[in-house]
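# Chains, contacts and geometry: an overview
Chain by chain, the residues run as shown.
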Amino acid sequence: MENLEVVFHLSTPVSLGFPWIFLDSLLAHVMLKEELGERYYSLPTKIPIRDVPRPPLKYYYDVPVASASIIEPNPGLQVFSYFKRGDFPFPRGKISRGSGFFKDFYLKAVYIPAQRVRFYATGELSEIKRLVSKVPALGKDRNIGFGFVKLVEVREIPFEFGLVKDGLAMRPIPVRYLKRYEDSAYLAYKPPYWARESVDLCAVPFTKVELK
Amino acid sequence: MRGAVHQGGVEVDPEWLRRWREYFLAYYDEARVEDKAAEAAEFAKQYVDQGLVSVSGGKDSMAMLHIITTRVKRNIRVFHWDHGPYLVPREVEREILENIFGVASEADIYIRAYRRGFSERARVDWRPWYAEFFKALEELTRQLRVRYHVLGVRAEESSRREARGRVVERRSWVEVHPIYHFTWRDVWAYIFKHNVPVPRVYYAYAKLLGWDRVRLVTFFDREFEKYGSPQVDSVLSWRWRHTPG
């Protein structure tokens with residue numbers, strides 16, 4: 001296991017669905033896509049998959065040693081409002097566009113016009129390099145052009161910064177694993193990040209902490 | 001964010017807020033918002049004695065409540081609907097209640113709560129909300145024997161609201177809209193001029209979405225998915241995503 005720095009260079013702004021993107025979640029997503037192939041795109045919605053693959057990372061208890069995203073430069077959040085209308089031919093006659101199949105959406109993408117997204121992690125260099133090379137875009141709303149990756153760099157660094165760097169939590173860490181913490185909130189701290197089972201009272205990323 | 005102050009679940013930039021406050025105070029005089037407020041009070045005067053003033057705690061209803069309690073009558077009847085912790089985090093609801101009790105200190109305040117709002121399911125299934133809300137409102141209307149419902153609806157908000165008019169006959173009551181002719185600038189100018197309290201989350205949302213587009217609606221509510229609201233909530237109000245706060 002090596003200490004790594006992963007830098008995604010972007011060609012378009014990154015849209016967010018949460019203040020942070022998590023590297024372990026990204027790796028698990030790529031691994032699941034590899035595992036399922038085409039079946040990934042027809043997953044059951046009623047019974048979601050809970051056994052996601054375990055990324056090749058070091059773990060501190062059950063917390064992956066992989067940081068949350070550091071977005072550079074970060075000039076603050078922006079919003080892009082857009083209409084999403086059906087791209088299929090409308091039938092003749094009256095249709096309802098307020099609800100149902102032909103419903104229109106007036107959506108908002110919250111984005112940051114960033115150039116780089118940096119992560120720190122400790123894991124298997126070659127495998128992580130292979131997995132991140134398969135990431136074409138980061139964040140949300142990738143289908144409308146947000147977060148396109150121009151280049152990804154993975155390099156070894158001398159220190160482990162995936163959990164804590166300069167006394168700051170680099171990702172959500174459950175407070176039960178901490179001696180001291182500055183701020184806490186209920187956050188998901190391991191993949192799958194959408195699952196209720198992954199949520200615990202955690203130290204907030206980029207606030208002061210001390211590990212047990 | 002440099003200089004940002006963490007207030008509740010969201011961050012507010014004080015310097016940004018100060019600049020906008022200056023702008024709205026200048027606008028207040030320039031656009032003669034005082035005259036509009038006087039006209040709104042004159043209009044409301046006809047209805048408050050036999051009416052129930054509905055206050056969500058948002059900017060429009062708080063501005064209207066302030067106009068009524070300072071210029072028309074203090075001991076009015078106020079109705080507030082509590083959406084429950086999963087739709088409005090408790091931190092925000094506490095602030096809303098403090099604001100209402102502060103502005104309408106001599107009013108009789110009737111609070112009814114959405115029972116299903118105490119379950120996480122309320123964020124996904126919004127259909128029962130309407131039935132429960134209107135049932136509670138009808139019961140209260142009958143109990144208090146009021147004829148008018150005084151609402152903070154503005155014509156500018158949507159073409160549907162504009163078409164509705166200032167006085168609307170409903171089945172069980174008549175809806176009246178004192179601040180019907182206010183624009184979003186008028187409302188914010190009135191709020192800044194008279195220090196009308198509004199939930200602080202407004203400022204964080206206003207910074208991102210714009211003062212004209214910011215609205216206090218339920219949080220993480222699938223009903224507003226078609227407007228992209230849950231995504232904005234997840235970024236700005238991330239603390240309340242997994243907890244009712």
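Structure first, text after, so check above.
Presented here is an overview of the structure given in this document. (Residues numbered from 1 in each chain as written. Chains lettered and ligands numbered in written order. Predicted model: local features only at pLDDT ≥ 70, side-chain atom pairs only at ≥ 80, totals over all residues.)

## Section: the overall build of chain B
Put simply, the rule is: Each helix is a run of H or I in the DSSP string that is no shorter than four residues. Each strand is a run of E no shorter than two, and both are numbered from the N terminus. To sort residues by exposure, count the other C-beta atoms lying within 10 Å of each residue's C-beta; 20 or more gives buried, 12 or fewer gives exposed, and values between give partly exposed, all with C-beta atoms placed from the backbone. Any pair of residues counts as being in contact when their C-beta atoms, constructed from backbone geometry, are within 7 Å of one another.
When its secondary structure is counted, chain B shows nine helices and eight strands. Seen through its principal axes, chain B has C-alpha atoms that stretch 50 × 45 × 35 Å. Across the 245 residues of chain B, 43% fall into the buried class. Relative to all contacts within chain B whose residues are 6 or more apart in sequence, the contacts with residues 24 or more apart total 77%.

## What to know about the sheet that holds strand β15 (residues 199-203) of chain A
Residue and element names in this part refer to chain A. Put simply, the rule reads: Any two strands between which DSSP finds at least two bridges are classified as paired.
Strand order in this open sheet of three strands is β12-β15-β14, and the pairing throughout is antiparallel. The open sheet terminates on both sides in strands that have one partner only, identified here as β12 (173-174) and β14 (184-188). Alignment of β14 against β15, held across five bridges, turns out to be antiparallel. If you follow Tyr186 over to β15, its bridge partner there is Leu201.

## Here's the deal with the interface of chain B and chain A
Filter applied, for reference: When residues are grouped by polarity, Ala, Val, Leu, Ile, Met, Phe, Trp, Tyr, Cys and Pro land in nonpolar, Asp, Glu, Lys and Arg in charged, and all others, Gly among them, in polar.
Counting residues at the interface gives 14 residues for chain B and 17 residues for chain A. Only α8 (201-209) and α9 (229-236) of chain B provide two or more residues apiece to the side of chain B that touches chain A. In terms of residue count, α9 of chain B provides more of the side of chain B that touches chain A than any other element does, four residues in total. The residue makeup of the side of chain B that touches chain A, split by class, is seven nonpolar, five polar and two charged.

## Regarding the packing of helix α3 (residues 59-71) of chain B against helix α7 (residues 184-194) of chain B
Residue and element names in this part refer to chain B. The line we're drawing: Interaxial angle, 0 to 180 degrees, is taken between N-to-C directions of lines fitted to C-alpha atoms, where a helix line uses only the stretch in contact. Comment on the angle field: the value is read as roughly parallel under 35 degrees, roughly antiparallel over 145, roughly perpendicular from 65 to 115, and oblique elsewhere. For any pair of crossing helices, the crossing counts as left-handed if the nearer helix is rotated counterclockwise from the farther one by less than a right angle, and right-handed if it is rotated clockwise.
One way to put it is that α3 packs onto α7 with a least axis distance of 10 Å and a crossing angle of 55 degrees. Here α3 lies oblique to α7, going by the angle between them. Note on packing geometry: the crossing formed by α3 with α7 is left-handed. Of α7, the residues touching α3 (which contributes Lys59, Asp60, Ala63 and His66) are Val187, Trp188, Tyr190, Ile191 and His194.

## Quick look at the sheet that holds strand β3 (residues 51-54) of chain B
All names here are of chain B. Pairing in this open sheet of six strands is mixed, and the strands run β5-β4-β3-β6-β8-β7 from one edge to the other. Sheet topology places β5 (108-113) and β7 (167-169) at the edges, where each strand pairs with a single neighbour. Across the sheet, the mean angle separating the axes of adjacent strands is 25 degrees when strand polarity is ignored. Here strand β6 (residues 148-150) pairs with strand β8 (residues 174-176) via three bridges, running parallel. Counted as the bridge partner of Tyr148 is Val174 from β8.

## A short note on the environment of Ser172 of chain B
Residues and elements named next belong to chain B. With respect to the element layout, Ser172 can be found in the loop between β7 and β8. Residues Ser172 and Val146, spaced 26 residues apart in sequence, show a C-alpha to C-alpha distance of 9.6 Å. In contact with Ser172, other than residues within four places in its own chain, are Glu138 and Thr141.

## Comments concerning the packing of helix α1 (residues 14-30) of chain B against α7 of chain B
Residues and elements named next belong to chain B. One can describe the packing of α1 onto α7 by two numbers: an axis separation of 8 Å at closest approach and a directional angle of 105 degrees. Taken together, the axes of α1 and α7 lie roughly perpendicular to each other. Residues Arg21, Phe24, Leu25, Tyr27 and Tyr28 of α1 form the contact with α7, whose participating residues are Arg185, Trp188, Ala189, Phe192 and Lys193. Tallied by class, the residues present in the contact of α1 with α7 amount to seven nonpolar, no polar and three charged.

## Structural notes on the pairing of β15 of chain A
Bridge analysis of β12 of chain A against β15 of chain A gives two bridges, and the strand direction is antiparallel. Each bridged residue has a counterpart across the sheet, and for Pro174 of chain A the counterpart in β15 of chain A is Cys202 of chain A.

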